[in-house]
Amino acid sequence: MTDGPTYGFDTLQIHAGARPDPATGARQVPIYQTTAYVFRDADHAAALFNLQEVGYIYSRLTNPTVAALQERIATLEGGVGAVCCSSGHAAQIMALFPLMGPGMNVVASSRLYGGTVTQFSQTIKRFGWSATFVDFDDHEAVKAAIDDNTRAVFCEAIANPGGHITDLDAISAISDAAGVPLIVDNTSATPYLCRPIEHGATLVVHSTTKYLTGNGTVTGGCVVDSGKFDWAANDKFPSLSQPEPAYHGLKFAETFGPLAFTFHGIAIGLRDLGMTMNPQAAHYTLMGIETLSLRMDRHVENAMKIAKWLEDDPRTDYVTYAGLDSSPYAKLVPKICPKGAGALFTVAVKGGYDACVKLVDSLEIFSHVANLGDTRSLIIHSASTTHRQLTAEQQEAAGAGPGIVRLSIGIEDADDLIADLDQALAKATA
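Remember, it's a predicted structure, so these values are computed and weren't measured experimentally.

### Side note on the sheet that holds strand β12 (residues 404-408)
Then comes step 1: Strand order in the open sheet formed by 5 strands is β8-β9-β12-β11-β10, and the pairing between neighbours is mixed. Both edges of this open sheet fall to β8 (316-319) and β10 (367-368), since each of them pairs with a single strand only.

Written out as structure tokens, the structure reads:
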């Protein structure tokens, strides 16, 4: 179908990237379970390998099922292209890989998923990269953290675990002034609730494992390219602006223009890092996205009802849901997430660490899992699980202290979820 402003989100989430199979007429995107593709002739093969022609070579690089998913996510995010990969963590490395080099740094929000904090504070050191963590509510501190070696600014639209909302317009103005790209993790919001590119983001990353797939079946990641950043404006990004030896001196920015980052992600990133999404995972995610708007509306509706109930309950100290009038982020919801503040937030339980553990163990409908964005409601005690590798100071900065649990509200009957929380809180705080 022809993409464009004529079509609404609900139409695009079903049709973008999906065309009847030309060989069979199959209406659903087939799972192309193949490793390689036959070339028409030797010249065709040479043209593909030289990046002179777009097509399929080997499924580590490109696959028709994955390509359909890439087109769908890019369309929903308002980007020019996308690269899907094996997980959300892979997407973060894929996003940084063309930008960074030894001695370079990324300025990152201190409110990030615990695994991301570990990846940025520990693992990327092995590449010679570093990260500076800053409270992104303090815009002056973000400005001050950017130096001559900064190559990206990174944050989440809706932060995991606390559900805090980032003022993307303010942060993008800072990154633009510094001449560096803004990378926004939009996993918790999805393009239905937030479109970071419209707020100045250069790249958008997703763990497609979460809301996009929505059913807890497969892992995956995606990097969406806005196509709006001038990679050749200065010498900070030689991988994109300077001759590439592996392709006889081809310059990605010069050759591919707005799609430079996308082509680099496939031709270099997937080729050499091998963080490939398998076609069956792409198929599951394509099917999940078909109902994204319907699910997100219910997620938000349930989250609002449950957050209000928890806020009024004397067994809790506070609730961090941005949709509540009491939240310091409530004023940002209409601007950044006009359709709702998502379904992820934390609750401080009276009784601290021990009460949190008892609460988790006493729930019957909520599942105790290290995931979010499922149709099922989920709970986790971040301090003892997803954020346990962080220091106490880092846990507090991330909103994952010892007396806090994270809730990912599903699409079940909200009254049933409230009843489950009620009986579990009774046991946890007895």
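### Observations regarding the nonpolar core
Then comes step 1: In this structure, I165, L310, Y321, F345, L359 and I409 are the most contacted members of the largest nonpolar core, which totals 86 residues.
Then comes step 2: Element by element, the count of residues in this core is highest for helix α13 (residues 292-312), at 7 residues.
Then comes step 3: The residues contacting L359, other than those within four sequence positions of it, are V349, I379, V405, A424, L425 and A428.
Then comes step 4: Listed in part, the 45 residues of the second largest apolar core include V83, V106, L240 and L270.

### Regarding the packing of helix α4 (residues 88-96) against helix α5 (residues 114-121)
Then comes step 1: At a closest axis distance of 11 Å, the pairing of α4 and α5 adopts a crossing angle of 40 degrees. The orientation of α4 relative to α5 falls into the category oblique. Handedness of the α4/α5 crossing: right-handed. Together, H89, Q92, I93 and L96 of α4 and G115, T116, Q119 and F120 of α5 make up the contact between the two elements.

### Quick look at the environment of H248
Then comes step 1: By the secondary structure assignment, H248 is in the loop between α9 (238-241) and α10 (252-256).
Then comes step 2: Overall, H248 belongs to the exposed group, its relative accessible area being 74%.
Then comes step 3: In the structure, H248 is positioned 198 residues away from N50 in sequence and 8.5 Å away in space, judged by C-alpha atoms.

How each quantity is defined
All chains use their own residue numbering, which begins from 1 and follows the written sequence. Local features in a predicted model are, by the rule used here, given only for residues with pLDDT of at least 70; side-chain atom pairs are given and counted only at 80 or more, and totals for whole chains, interfaces and linings are based on all residues. Each side-chain value is worked out from all heavy atoms of the structure, with water and hydrogens disregarded. DSSP bridges decide pairing: two strands pair if at least two such bridges lie between them. The helix and strand labels rest on DSSP assignments: H or I over at least four residues marks a helix, E over at least two residues marks a strand, and numbering proceeds from the N terminus. Nonpolar cores are built from buried Ala, Val, Leu, Ile, Met, Phe, Trp, Tyr and Cys residues. Side-chain atoms within 4.5 Å join them into one set. Exposure classes here rest on a 1.4 Å probe applied to the protein chains alone. A residue is buried below 20% of its type maximum, exposed above 50%, and partly exposed in between. Residues are treated as being in contact if the distance between any of their heavy atoms lies within 4.5 Å. Orientation is described by axes fitted as lines to C-alpha atoms, over the contacting stretch for helices, and by angles from 0 to 180 degrees between their N-to-C directions. Here the word oblique covers every angle except those under 35 degrees (roughly parallel), over 145 (roughly antiparallel) and from 65 to 115 (roughly perpendicular). By definition, turning the near helix anticlockwise from the far helix through less than a right angle yields a left-handed crossing, and turning it clockwise yields a right-handed one.

Treat this as a map of the structure, not an account of what it does.
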